[in-house]
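# Structural overview for review
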Amino acid sequence: MSLDPSVIGVRSDPQPRSWTSADALLYALGVGAGHDDPLADLRYTSEHGDDTCPVQKVLPTFGVMVTWGSRRGRKMGDFNPAMLVHAEQEVVLHRPLTAEGAVSLTSQVTGMYDKGSGALVTSEAEAVDPATGEAVVTTRSSVFIRGEGGFGGDPGPKAASPIPERAPDEVVTMSTWPGQALLYRLSGDRNPLHSDPRFSSRGGFERPILHGLCTYGVTGRALVGTVAGGDGDAMASMSGRFSSPVLPGESLQVAMWRVKDTVTAFQTRKEDGTVVLDRGLATWR
């Protein structure tokens, strides 16, 4: 089994993508909005909003679903899919997302790096307004494929952590629940790693794990609620590195550092201190 470096830099043909109000609502429920308090997130979980925002709004991390599946049908090589885990994710929101919409998507693999025990594959997807060509969402991500390293390639760039060496300014506890992965998967990521114990055991997990992008979305909710007072339209970008799996039902603690007025560094941990989303950085309008 091996990876195919010939796909690097080859941009896909444009493909249409659209979403509905129901898609955005389902995503919000999947990342925990309204679970602990059904009245707390009505702007994201209903079409009628709440007293302070009487219309439906969209969580900014839904941007990753806007570009989801943009690489579908393009093989990166021949490898065991049970050995693939999400490693990094960034979403750049060029404008706030609407409750329903349509875009034109292109994507490309941007790199394949030799990490010894595995390979890191990076990619980028761009969603533009099909009528004007204006950028709507850009996502950058990477996946780590265990057992595919050792091919003698470039190990890749090393980025410094944005986390300050001081106590965080805020720490917010966010809950997950045992069946959350079964709900989140309905937004598009049907990877059986998150639902089928037979498949997850092939990847070395005793039981199905929570989607990394679900953890990302839960963290995004904590950031929006704490830094922006619940206004998701204020977020311009969010990035982070996945460092440990989360089991559905585990509580998460999101630590935040206000680096600048428009920049927040963050780190998400389990209750035992295990870091699950590291080197986090969010920017604000």
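Here's what I pulled together on the structure shown here.

Thresholds, definitions, all that
- Residues numbered from 1 in each chain as written.
- Predicted model: local features only at pLDDT ≥ 70, side-chain atom pairs only at ≥ 80, totals over all residues.
- Heavy atoms only, no water.
- Helix = DSSP H or I, 4+ residues; strand = E, 2+ residues; numbered from the N terminus.
- Rg over C-alpha atoms; globule rule 2.2 N^0.38 Å.
- Buried < 20%, exposed > 50% of the residue type's maximum accessible area, 1.4 Å probe, protein only.
- Contact = heavy atoms within 4.5 Å.
- Areas by Shrake-Rupley, 256 points an atom, 1.4 Å probe, with all protein chains shown as cover.
- Lys, Arg positive; Asp, Glu negative; His and termini not counted.
- Charge placed at Lys NZ, Arg CZ, Asp CG, Glu CD.
- Core = buried A, V, L, I, M, F, W, Y, C linked by side-chain atoms within 4.5 Å.
- Pairing = 2+ DSSP bridges.

A word on the overall build of the protein chain. Within the protein chain, the secondary structure is distributed over 6 helices and 12 strands. Against the 2.2 N^0.38 benchmark of 19 Å for 285 residues, the protein chain shows a C-alpha radius of gyration of 18 Å, consistent with a compact globule. The dimensions of the protein chain, computed from C-alpha atoms along their principal axes, are 55 × 50 × 40 Å. Burial analysis of the protein chain (285 residues in total) assigns 51% to the buried set. Pairs at least 24 residues apart make up 73% of the contacts formed inside the protein chain by residues separated by at least 6 positions. With the model as given, the accessible surface of the protein chain reaches about 13,000 Å², and the carbon-plus-sulfur share is 52%. Across the protein chain, the centroid of the 27 positively charged side chains sits 4 Å from that of the 33 negatively charged ones.

Membership of the largest hydrophobic core comes to 47 residues, with the highest contact counts inside it found for Phe 62, Leu 97, Tyr 216, Leu 223, Met 235 and Trp 284. The contact partners of Leu 223, leaving out residues within four places of it in the chain, are Ala 228, Met 235, Met 238, Met 256, Thr 264, Phe 266, Ala 282 and Trp 284.

Along the chain, Val 136 falls in strand 7 (residues 135-146). What makes Val 136 buried here is its relative accessible area of 5%. Residues Val 136 and Tyr 44 lie 92 residues apart in sequence; the distance between their C-alpha atoms is 19 Å. Ignoring sequence-local partners within four residues, the contact set of Val 136 consists of Val 92, Leu 93, His 94, Arg 95, Leu 97, Val 103, Ala 127, Val 128 and Asp 129.

The subject of this paragraph is the pairing of strand 4 (residues 84-93). The sheet contact formed by strand 4 and strand 7 spans 9 bridges and is antiparallel. By the bridge assignment for strand 7, Val 91 is matched with Thr 139.

Interpretation note: all reported values are geometric properties and have no functional meaning in isolation.
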